[in-house]
Amino acid sequence: MKMLLRPAISLFVLLSLVTGVLYPLLVTGVARIAFPAAAGGSLIIKDGKPIGSALIGQNFSDPKYFWGRPSATAPQPYNAAASSGSNQGPLNPALADAVKSRVEALHAADPGNQRPIPIDLLTASASGLDPHISPAAADYQAERVARARHLEMKAVRQLLAENTEGRDLGVFGEPRVHVLRLNLALDALPQ
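Quick caveat: nothing in here was measured; it's all calculated off a predicted structure.

**So, the pattern of salt bridges**
Applying the stated criterion across every chain, the model contains eight salt bridges. Between Asp139 and Arg115 there is a salt bridge, and its shortest N-O distance comes to 3.0 Å. Taken together, the residues Asp139 in helix H4 (residues 135–149) and Arg115 in the loop between helix H3 (93–109) and strand S3 (132–133) connect sequence positions 24 residues apart. Of the residues examined, Asp139 reaches a relative accessible area of 23% and is grouped as partly exposed. The network of salt bridges with common partners includes Arg115, Asp139 and Arg157.

In structure tokens, the structure reads:
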């Protein structure tokens, strides 16, 4: 029995060190060298302090800010520890109720806006954490933000254009607007 136990324990300890310590240290070291921002959480820094991640949305509800996609995380929105989709299908009454309440909230925040609401302002992304909205969703909110901040539409549209990211490598994905970066650009405008 001792002859079998000793090699098994030795192999367990060796593999634990290799896969539990050495490999993670090696991968982390390579990531920090090759992709320092991503390895550090893709943090967005303002005044020397991290205020968010480029990979995780934030909850904005003040009319003077652009709002992101609804979050599917609970109990708090954009909780990365609770990342998951809602898994609600188009015939699910809970999804219909959630969309209806989101439509009402958007109309209450901007009663004069009767344009069709872009779908990404009504439904959560697959992870429930998406920090981006479509340019159409940003444009839908532009008048409300301009009014709330007493800005000319031209200035707001210019910020939208400056903060719209194109397709990755010119081919992959869709054009998008990072909500936190756009709102930081708004806050940086002279009042």
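**Details of helix H5 (residues 153–162)**
Of the positions making up H5, those classed as buried are Val156, Leu159 and Leu160. Down the axis, H5 shows its buried residues gathered within 100° of arc, on one side only. Looking at H5, the residues exposed on the side facing more than 90 degrees away from the buried face are Lys154, Ala161 and Glu162. Where H5 is buried, its residues meet H4, strand S4 (164–165) and helix H6 (179–188).

**What about the packing of aromatic side chains?**
Scanning the entire structure with this criterion turns up one aromatic pair. Sitting above the plane of the Trp67 ring, Arg144 keeps its charged end 4.1 Å from the centroid. Geometry around Tyr65 places Arg149 over its ring, the cationic atom sitting 4.9 Å from the centre.

Scoring rules and cut-offs
- Residues numbered from 1 in each chain as written.
- Predicted model: local features only at pLDDT ≥ 70, side-chain atom pairs only at ≥ 80, totals over all residues.
- Heavy atoms only, no water.
- Salt bridge = Lys/Arg side-chain N within 4 Å of Asp/Glu carboxyl O.
- Helix = DSSP H or I, 4+ residues; strand = E, 2+ residues; numbered from the N terminus.
- Buried < 20%, exposed > 50% of the residue type's maximum accessible area, 1.4 Å probe, protein only.
- Arc of directions from axis to C-beta.
- Contact = heavy atoms within 4.5 Å.
- Phe/Tyr/Trp six-rings, centres within 6.5 Å; stacked < 30°, edge-to-face > 60°.
- Lys NZ or Arg CZ within 6 Å of the ring centre and 35° of its normal.

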